[in-house]
Amino acid sequence: MDINEDHNWKFAQCFGDKGDSDDVTEADIISTVEFDQTGDYLATGDKGGRVVLFERNDTKKGVEYRFHTEFQSHEAEFDYLKSLEIEEKINKIKWCKRQNAAHFLLSANDKTIKLWKVFEKSLKVVAENNLGDGPLAPAAGLRVPKLAHHDTIIAAVPRRVYANAHTYHINSISINSDSETYISADDLRVNLWNLDISDQSFNIVDIKPANMEELTEVITAAEFHPHQCNLFMYSSSKGTIKLSDMREAALCDQYAKVFEAPEDPANRSFFSEIIQSVSDIKFSHDGRYILSRDYLTLKIWDINMDNRPVQTINIHDQLRSKLCDLYENDCIFDKFECGFSGDDTHVMTGSYNNTFHLYDREGKSDIALQADKSAFRAKRLGSAKNKMALSRGPGKSMLGGDGVDFNKKILHASWHPRENTIAVAATNNLFIFTDKQQ
C-alpha cells in the first residue's frame, strides 16, 4: 500500500519537554491517552502515577487544548505477602459519561482501580468579622461573619477505590453503555463491577487452569459493546477474540463467538505465536465492527462473520525478516493500541520511528504522520513546509532500511469522537494532530 501524501493532516500542538535531550525521566513517560465522550477533554496517565487533564480552548479558532489539572492518581506500593513491588504506572484511563458539572473518570495501575471526581471548587475567605483593632463592640453591634469568593480551583478527589480483585496485572478497563457497571481484565480473569460498589466484584471470565503448567494463553484486552450492555469481548495471546453474552450464564466462559483468522502455513515460524498475540481490540462506534491489532497487522472484523477478517492491513511487514532481532531486544512484545475514527471510516495505529498510520476502512489509503520534534519546528517555519514534512513522514525508506529507531514508538493514541483530531503519546510528549481547517 502506497503512503498517501495528499492529505490535510497537520501538527497542531505539543505538550511536554520540547528539548532535544534524550535523557527522559522514566516517570514522565506517557502510558495512556484518552479523549472523553465529547472530545472537549483529554486525559493522559504516566509511569509516575500522575493523571493530567487538558480541556479544549474554545477561544481559539483552530484546534487547541490547554492544561486543565493534574493529580497523583496512584503511588508505588509493596505487597509484603508476595514480596512484589506494585508500580504506580497508569495502565488505563476511562471517562464516565458526564452527568453533572463534575467529571468522573476511572484510572488503573497494575492492581487497583480508582474512581476520581474532578470538579471546580470555590475557595472562600472571611471578608467581614467582628474583630476590629479596638475593644469588642457591644452585643447589638455584632455582625455575622461573611464569606467572600476568593478563587476557583480544579479539585480531584478519589470517590471509590476498587482494590484486591486482581491477582495478575490489569490490562484493560471498559465502562458499560448503562453507565452503571464496568469490567476490568487481567491476564487470566475478567471482573464485573458496579461503579457504586467498591468492595465486591463478579468474576465473569476465568481462564486459569487448575494446573498452571497447562497455561497456554492469557487475556490481553477486554471491552464492552458500545450499545448492548450485555455483550463484551476479550482477546487472547493466541490471536483469538471472544464475544460473550452476560445473559447466557454467570460465568461467560462459554463464549458466543470466536473470531480467529486462519493461519497461513507459509508464514509459520518460531515467532508465529508471539506476533499473533492481540495487543488491543476496539468496537466501532456503531458496534458493527471490531478492530484488532497484533504485532504486524491490523484486522477489521464484521461482528456477524467470525471465520475471517473483512480487512487485514499490514503495518510494517518489512519487519518480518527482522523478528529475530526484535525478539532479542524485546520489541516483539511491544503492545500497540488501535482505534476507529469518530465516524468509523478510518482506523489508526502506531509504529516505530514515532510514526503512526491512518488507514481508510478498506485499507486503500495510508497516511503516515510522525510525532516528533521536527513537527513543531516545521510549524514555526510555516504551514507549507510543515505539511511537506508531515506528508513525507518517515516513508518506507526509514522503516525498510536499518534506520528504524525501535526506542521511538507510538504505543498510545486516541481519536477525537466527533472530529478528525488525534492525540498521540510519544515518550514524554503529547502531540495533537488535526485535519480541521483553521
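What you are looking at is a predicted structure, and each value in this text was computed from that prediction instead of being measured.

### Points about the sheet that holds strand β23 (residues 311-314)
Next, step 1: Overall, antiparallel pairing links the 4 strands, which are arranged β20-β21-β22-β23 in an open sheet. Either end of the sheet is taken by a strand with one partner, and the two such strands are β20 (280-283) and β23. Ignoring strand direction, the axes of neighbouring strands in this sheet form an average angle of 15°.
Next, step 2: Direction of pairing for β20 relative to strand β21 (residues 289-293): antiparallel, over a ladder of 4 bridges. Its bridge partner being in β21, I281 is matched across the sheet by S292.

### Here we look at the confidence of the model for the chain
Next, step 1: The share of residues in the chain with pLDDT of 70 or more is 87%, and the mean pLDDT across the chain is 86.
Next, step 2: Scored below 50 in pLDDT, residues 383-401 makes 38 contacts in the model with residues more than four places away or belonging to other chains.

### Overview of the side chain of T349
Next, step 1: When you line up the elements, T349 lands in strand β25 (residues 346-350).
Next, step 2: A distance of 2.8 Å separates the side chain of T349 from the side chain of R293, its partner in a polar contact.
Next, step 3: Apart from residues no more than four positions distant in its own chain, T349 is found in contact with R293, L298, I315, F336, E337, C338, F356, H357 and Y359.

### Observations regarding the pairing of strand β3 (residues 41-46)
Next, step 1: In terms of burial, β3 is a largely internal element, 6 of the 6 residues being buried.
Next, step 2: Alternating residues of β3 divide into Y41, A43 and G45 and L42, T44 and D46, and every residue in both groups is buried.
Next, step 3: When strand β2 (residues 30-35) meets β3, the two strands line up antiparallel, connected through 5 bridges. Among the inter-strand pairings, V33 is bridged to a residue of β3, identified as T44.
Next, step 4: Between β2 and β3, which follow one another and run antiparallel, lie 5 residues, and G39 among them has a positive phi close to 85°.

Parameters at a glance
- Residues numbered from 1 in each chain as written.
- Predicted model: local features only at pLDDT ≥ 70, side-chain atom pairs only at ≥ 80, totals over all residues.
- Heavy atoms only, no water.
- Pairing = 2+ DSSP bridges.
- Helix = DSSP H or I, 4+ residues; strand = E, 2+ residues; numbered from the N terminus.
- Axes fitted to C-alpha atoms, helices over the stretch in contact; angles between N-to-C directions.
- pLDDT = per-residue confidence, 0-100.
- Contact = heavy atoms within 4.5 Å.
- Polar contact = N/O pair within 3.5 Å; in protein donor to acceptor, adjacent residues only side chain to side chain.
- Buried < 20%, exposed > 50% of the residue type's maximum accessible area, 1.4 Å probe, protein only.

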